[in-house]
Amino acid sequence: MYSAVHSGALQGVCAYMVSVEVDIARGLPAFLMVGSLSTEVRESRERVTVALKNVGLNLPPCRITVNLSPADRRKEGTAFDLPIAVGMLEAMELVPAGAAEGLLFLGELGLNGELKKARGVLPIVRAAAAEGIRECIVPGANAREGGVIPGIRVRGAENILEIMHFLMTRGEERDRVLPRTFVDTESLFAETERDGGGLQGRPDFAEVTGQETARRAAEIAAAGFHNLLMVGPPGAGKSMIARRIPGILPPLTLEESLEVTSVVSVAGLLEEGEALVTGRPFRSPHHTISQAALIGGSTAPKPGMISLAHRGVLFLDELPEFQRASLDALRQPLEERRVTISRVSGNVTYPSDFMLVCAMNPCPCGYYPDRARCSCTRPQVHRYMGKVSGPILDRIDYI
């Protein structure tokens, strides 16, 4: 018997709909999966089979074929476990035919049948709402994340048995089986405003005393979302000021918050039960960071630090210690406010509208031009300052 279930896949911070088609027919026992799949998607075969067995649903000896359409776009991640399992339940007539119509399913299955947290739920639910899908079933850990999208009902489930019960129920009884998750974004932002723009417990700019010039420079840079480079000796307070800049930036709007949350969700860094990222991001990578981790990349392109700092602050301490190739790779994202990563499988674009804040010493020892403390020669100073290329300095406001 044939069945089709809606699901979604990610392409950068955007999403597109995927139809999970399942066919169970007589023949030699086999479980085939097609549709341009990554390794983790192909592994769904084992996870789904064992999960159904452990909840008391043994698969008959038959030929099972699963197709993820559109078949010409590569599918990544583990969130296809649930739609594959639901499609198999419908094809085996364990749930009523058409029970999954108009629903979107998303989630990873554990071997005991429980649903585990998935990444990228927010952009997928957002795309589903735009496509006219009326309900989404997601893991309970992702329910609040999806519940911020208006115009679509989001229900969180803990295991596959709850979903079976939900599909076999009709009408208002469904709300008792899997209650709808709704997040009041207005209340969420009001609560954020009460605790200081989502910065409660984080460094406060009011704690900075002295360094009037550096403080004024930081305030001007924050007012215009300008890039900033601070040069001074160790202990002057460069890092202290930089870490407090998010506190003087204006609060995120709802649309900006959705953008930031989408990037964090795609990266799999959204905390369990968190609905929205309402505070300005602050990212401070170590100078040993690789170019792929800073800009984004890997075989399946993932967002880098510049995208995780979207709408917030990217702080590069000890700027000359970073790899020159990594710093030069910042040129285009700083100009275009986005980064496009090209791989054989296709191109992925991530947003990267961030405020770049950098700190560095004036020489290798840090005390130039104080000749009472600095022993660096002039060539050493020039060589140290020359580690940062001119095109990067042209994009930073030097104070």
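It should be emphasised that the depicted structure is a prediction, and the values quoted were computed from it without experimental measurement.

**Q** Got a minute to help me understand the overall build of the protein in this structure?
**A** When helices and strands are tallied, the protein shows 17 helices and 19 strands. Reported as C-alpha extents along the three principal axes, the dimensions of the protein are approximately 85 × 45 × 30 Å. Every one of the 399 residues in the protein was classed for burial, and the buried ones make up 50%. Carbon and sulfur atoms provide 50% of the accessible area of the protein, an area that totals close to 18,000 Å².

**Q** Would you mind showing me how to read the packing of helix H4 (residues 121–130) against helix H11 (residues 254–266) here?
**A** Geometrically, a packed helix pair is captured by the angle between its two axes and the distance between the axes. Two numbers describe how H4 lies on H11: the axes approach to 7 Å, and their chain directions differ by 120 degrees. With respect to their mutual orientation, H4 and H11 come out oblique. Between H4 and H11, the residues in contact are Val121, Leu122, Pro123 and Arg126 and Glu255, Leu258, Thr261, Ser262, Ser265 and Val266, respectively. Here the contact of H4 with H11 is composed, by residue class, of five nonpolar, three polar and two charged.

**Q** How do you make sense of H4 when you look at a structure like this?
**A** Turn by turn, an α-helix covers 3.6 residues, leaving residues three or four places apart pointing in a common direction. The element H4 is extensively covered by neighbouring structure, given that seven of its 10 residues are classed as buried. Three or more residues of H4 are buried, namely Val121, Leu122, Pro123, Ile124, Val125, Ala127 and Ala128. Directly beyond the C-terminal end of H4, a positive phi value near 90 degrees is found at Gly132.

**Q** Sorry if this is basic, but what is going on with the nonpolar core here?
**A** Note on soluble globular proteins: their nonpolar side chains tend to be buried together. In this structure, Val66, Ile84, Met88, Phe105, Ile163 and Leu167 are the most contacted members of the largest nonpolar core, which totals 45 residues. Those elements that place two or more of their residues in this core are strand E1 (2–11), strand E2 (14–25), strand E3 (30–34), helix H2 (44–54), strand E4 (63–69), helix H3 (81–91), strand E5 (103–105) and helix H6 (160–167). Considering every element that reaches this core, the biggest residue donor is H3, with seven residues. The next biggest cluster of nonpolar side chains, apart from the first, holds 29 residues, and it includes Leu314, Leu319, Cys358 and Ile396.

**Q** Is there a simple way to think about the packing of aromatic side chains in this case?
**A** Enumeration over the complete set of coordinates arrives at one aromatic pair. The residue whose ring lies beneath Arg73 is Tyr16, and the NZ or CZ to ring-centre distance is 3.8 Å. Across from the ring centre of Phe166, 4.4 Å away, lies the NZ or CZ of Arg174, which sits over that ring.

**Q** I tried to follow the packing of H3 against H6 on my own but got confused; where do I start?
**A** Following both chains from N to C, one finds H3 and H6 inclined at 50 degrees, their axes separated by 11 Å at the closest point. What the angle tells us is that H3 and H6 run oblique. In terms of crossing hand, the pair formed by H3 and H6 is right-handed. For the pair formed by H3 and H6, the contact residues are Leu82, Ala85, Val86 and Leu89 on the first element and Ile160, Ile163, Met164 and Leu167 on the second.

**Q** Would you take a moment to explain the state of the cysteines for this structure?
**A** A disulfide bridge is the covalent bond that connects two cysteines by way of their sulfur atoms. Counted according to the given criterion, the structure contains zero disulfides. As a non-bridged cysteine, Cys363 has Cys365 as the owner of its nearest cysteine sulfur, 3.4 Å distant. With relative accessibility at 0%, the residue Cys363 sits in the buried group. Here Cys376 is not cross-linked by a disulfide; its sulfur's nearest cysteine counterpart is in Cys365, at 3.6 Å.

**Q** Looking at this model, I keep getting lost on the pairing of E1. Mind explaining?
**A** Within a regular strand, side chains alternate between the sheet's two faces. Direction of pairing for E1 relative to E2: antiparallel, over a ladder of 10 bridges. In the sheet register, His6 faces E2, and the bridge partner there is Ser19.

Parameters and conventions
Residues numbered from 1 in each chain as written. Predicted model: local features only at pLDDT ≥ 70, side-chain atom pairs only at ≥ 80, totals over all residues. Heavy atoms only, no water. Helix = DSSP H or I, 4+ residues; strand = E, 2+ residues; numbered from the N terminus. Buried < 20%, exposed > 50% of the residue type's maximum accessible area, 1.4 Å probe, protein only. Areas by Shrake-Rupley, 256 points an atom, 1.4 Å probe, with all protein chains shown as cover. Axes fitted to C-alpha atoms, helices over the stretch in contact; angles between N-to-C directions. Parallel < 35°, antiparallel > 145°, perpendicular 65-115°, else oblique. Contact = heavy atoms within 4.5 Å. Nonpolar A, V, L, I, M, F, W, Y, C, P; charged D, E, K, R; others polar. Core = buried A, V, L, I, M, F, W, Y, C linked by side-chain atoms within 4.5 Å. Phe/Tyr/Trp six-rings, centres within 6.5 Å; stacked < 30°, edge-to-face > 60°. Lys NZ or Arg CZ within 6 Å of the ring centre and 35° of its normal. Left-handed = near helix turned anticlockwise from the far one by under 90°. Disulfide = S-S within 2.5 Å. Pairing = 2+ DSSP bridges.

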